[in-house]
Amino acid sequence: MSEKMVKAKEGESILKNLQDGDFLVLLDVDGKEISSEDFAVQIEKWGIEGVRKVVFAVGGAYGFAGCVYQRAQMKISLSRMTFSHQMVRLIFVEQLYRAFTILRGEPYHHK
């Protein structure tokens with residue numbers, strides 16, 4: 001399949017699994033780089049604002065289709081470096097864990 005076709009199929013798959021109220025965050029190379037502390041603050045903010053469900057999406061090898069970018073409310077970059085999609089999942093799970101330990105005041109995260 002062509003790059004355009006791959007992105008279209010992946011985009012269709014992502015969008016069909018979203019519900020109307022879902023807050024979509026793309027993990028994207030062109031997203032905003034934020035610190036672990038700022039990510040924790042953002043998670044807390046979503047809770048305060050009453051966001052019921054945040055969905056984080058990792059794009060395929062060619063990135064996201066335009067329709068997915070249009071649907072997303074936020075784009076976050078984990079690094080300016082390039083990682084395999086499998087590594088992105090691992091790194092992101094660690095960052096989620098770190099964010100929640102920051103919010104709970106646990107000693108996992110060191111400044």
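Residues numbered from 1 in each chain as written. Predicted model: local features only at pLDDT ≥ 70, side-chain atom pairs only at ≥ 80, totals over all residues. Heavy atoms only, no water.

Asks: Explanation requested: the nonpolar core in the structure shown.
Replies: In summary, soluble globular proteins display a tendency toward joint burial of nonpolar side chains. F23, V25, L27, F39, A40, I43, W46, I76, V88, F92 and A99 form the largest nonpolar core, which has 11 residues in total. Of all the secondary structure elements, the ones that give two or more residues to this core are β1 (23–33), α2 (36–49) and α4 (85–104). No other element matches the four residues that α2 contributes to this core. Counting residues in each nonpolar core, the second largest holds nine residues, with I14, A57, F64 and A65 among its members. (Core = buried A, V, L, I, M, F, W, Y, C linked by side-chain atoms within 4.5 Å. Buried < 20%, exposed > 50% of the residue type's maximum accessible area, 1.4 Å probe, protein only. Helix = DSSP H or I, 4+ residues; strand = E, 2+ residues; numbered from the N terminus.)

Asks: How should the environment of V88 be read in this particular structure?
Replies: Structurally, V88 is set in helix α4. What makes V88 buried here is its relative accessible area of 12%. In this structure the C-alpha to C-alpha distance between V88 and V58, which are 30 residues apart in sequence, comes to 7.7 Å. Not counting the four nearest positions on each side in its chain, V88 is found in contact with L27, V58, L78 and F83. (Contact = heavy atoms within 4.5 Å.)

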